[in-house]
Amino acid sequence: MSSTELPDTRSATADEAPRPRTARVAPGEELRSVALAGLTLSIRSRPPSRVGLPPALFVHGLGGSSQNWSAVMPLLEDVVDAEALDLPGFGDSPPPGDGNYSVTGHARAVIRYLDASGRGPVHLLGNSLGGAVNVRVAAVRPDLVRTLTLVSPALPELRVQRSAVPTGMLALPGIARLFSRMTKDWTPEQRTRGVMALCYGDPSRVSDEALGHAVQEMERRVQLPYFWDAMARTARGIVDAYTLGGQHGLWRQAERVLAPTLLVYGGRDQLVSYRMAGRAAATFRDSRLLTLPDAGHVAMMEYPETVAQAVRELLDDTGRS
């Protein structure tokens, strides 16, 4: 089977009856499954307002899914042909066949999809883990990336914030299993509110409707037999990536990125330190910086209009140049 083939593509629209254990599909979105050799990816898309728009691909963070981009995608449907993927083991994508949850493994999944779909070069957007993954993609395959947007990218920090330590501890052997046992009586709403308290600058901004959707997704996800394994192995992959030096180090790869880059940092981010914004802006050779003092770790969910406008300006300026 050639790497450019998409041998198995199945679609489900918001108007169809949902398949068992399938993630929510918002109105106007489509969700399909793409099978490659040893890898199956769930792809969320939103038809563009007109044909011929440049392609864009959105990549989520640890514990997230393509739904994390559902607020931004409709705000950009007149400027890009947008798709968001679920990384292997997250969202509606099953675990990778080789069990590789490293940053490199996830980057390889993104590259394989772009090669197989023929959509590259794309406007590539990523949050947190997805940001680290996309840095690696942009560094090793510059031919696939037109522009790069990184929202709180998970790049190595010498002094990690205390609030980020519990998430990092998931990488330790046995911790995920222990936490699973300790929280077995938690309701999906308790779990969801805990995640929001960690990821949002102001959780009160979340509407009741959005909270309800998030609770449903949490309930679905924790029932997956590989949920904790995917979380633990991916957290371990992030920690491992932080320790890599030389040409494989993420900061060294950030220096090699050629694509115009938009960096978005939140002042209330409890997982990626706000102080890293300056270093990132100085490292990426063609960068612009958007800082949102009241945002947390998922600015594209808290302030989708602001993030979308910054992306528009990046695309406009890149198009003119």
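Everything below is about the structure printed above this text.
Just so we're clear, the structure is a prediction, and the values are computed from it rather than from any experiment. (Residues numbered from 1 in each chain as written. Predicted model: local features only at pLDDT ≥ 70, side-chain atom pairs only at ≥ 80, totals over all residues. Heavy atoms only, no water.)

## Here's the deal with the nonpolar core
Step number 1: Within the largest apolar cluster, 53 residues are counted, with the highest numbers of intra-cluster contacts made by Val110 and Phe284.
Step number 2: Per-element accounting of this core gives the leading share, eight residues, to helix α1 (residues 103–117).
Step number 3: Setting aside its immediate chain neighbours within four residues, Val110 contacts Leu57, Val59, Leu85, Leu87, Val133 and Val137.
Step number 4: If you look at the next biggest cluster of nonpolar residues, it comprises 34 residues, including Ala56, Val151, Leu292 and Leu314. (Core = buried A, V, L, I, M, F, W, Y, C linked by side-chain atoms within 4.5 Å. Buried < 20%, exposed > 50% of the residue type's maximum accessible area, 1.4 Å probe, protein only. Helix = DSSP H or I, 4+ residues; strand = E, 2+ residues; numbered from the N terminus. Contact = heavy atoms within 4.5 Å.)

## Let's talk about the packing of helix α5 (residues 188–199) against helix α6 (residues 208–222)
Step number 1: Axis separation between α5 and α6 bottoms out at 8 Å; the angle between their running directions is 110°. With respect to α6, the axis of α5 lies roughly perpendicular. Crossing hand, α5 versus α6: right-handed. Mapping the contact onto sequence places Pro188, Glu189, Arg191, Thr192, Arg193, Val195 and Met196 in α5 and Leu211, Ala214, Val215, Met218, Glu219 and Val222 in α6.
Step number 2: Class assignment of the residues belonging to the contact of α5 with α6 gives a composition of eight nonpolar, one polar and four charged. (Axes fitted to C-alpha atoms, helices over the stretch in contact; angles between N-to-C directions. Parallel < 35°, antiparallel > 145°, perpendicular 65-115°, else oblique. Left-handed = near helix turned anticlockwise from the far one by under 90°. Nonpolar A, V, L, I, M, F, W, Y, C, P; charged D, E, K, R; others polar.)

## A closer look at unusual backbone geometry
Step number 1: In the segment running from Gly120 into Pro121, the intervening peptide bond is cis, with an omega of 0°.
Step number 2: In this fold, Pro121 is placed in the loop between α1 and β6 (122–127).
Step number 3: Even without being glycine, Ser128 reaches a positive phi, approximately 55°.
Step number 4: Here Ser128 is to be found in the loop between β6 and α2 (129–140).
Step number 5: Residue classification places Ser128 among the buried positions, given a relative accessible area of 10%.
Step number 6: Of note, Ser152 is a non-glycine position whose phi angle comes to about 45°, a positive value.
Step number 7: One can find Ser152 in the loop between β7 (145–151) and α3 (165–169).
Step number 8: Relative accessible area serves as the criterion here: at 1%, Ser152 is assigned to the buried category.

## Quick word on the packing of aromatic side chains
Step number 1: Following the criterion strictly, the structure yields two aromatic pairs and no others.
Step number 2: Where Phe58 meets Trp69, the ring centres are 5.1 Å apart and the plane angle is 50°; that geometry is what we call tilted. A residue pair is termed long-range when its members are at least 10 positions apart, and Phe58 in strand β4 (residues 55–59) and Trp69 in the loop between β4 and β5 (81–86) qualify at 11 residues.
Step number 3: The class for Phe58 is buried, based on a relative accessible area of 0%.
Step number 4: Trp69 gets classed as buried once you look at its relative accessible area, which sits at 0%.
Step number 5: Centre to centre, the rings of Phe227 and Trp228 are 5.0 Å apart; their planes meet at 80°, and the pair counts as edge-to-face. In this pair, the class of Phe227 matches that of Trp228, namely buried.
Step number 6: For the cation-ring pair, Arg205 lies above Tyr303, with the distance from its terminal atom to the ring centre recorded as 4.2 Å.
Step number 7: Taking the ring centre of Trp251 as reference, the NZ or CZ of Arg279 above it sits at 4.0 Å. (Phe/Tyr/Trp six-rings, centres within 6.5 Å; stacked < 30°, edge-to-face > 60°. Lys NZ or Arg CZ within 6 Å of the ring centre and 35° of its normal.)

## Some details on the packing of α1 against α2
Step number 1: Between α1 and α2, the least distance of the axes is 9 Å, while the angle of their chain directions is 65°. On the basis of the axis angle, α1 is roughly perpendicular to α2. Judged by the twist between their axes, the crossing of α1 over α2 is right-handed. Residues Val103, Thr104, His106, Ala107, Val110 and Ile111 of α1 form the contact with α2, whose participating residues are Leu129, Ala132, Val133, Arg136, Val137 and Val140.
Step number 2: Taken together, the residues that form the contact of α1 with α2 break down as nine nonpolar, two polar and one charged.

## Here we look at helix α9 (residues 276–283)
Step number 1: When α9 is considered as a whole, its buried residues turn out to be Met276, Ala277, Ala280 and Thr283. Along α9, the residues classed as buried sweep out an arc of 130° about the axis, all on the same side.
Step number 2: The inward-facing, buried residues of α9 abut α8 (250–256), β8 (261–266) and β9 (287–292). (Arc of directions from axis to C-beta.)

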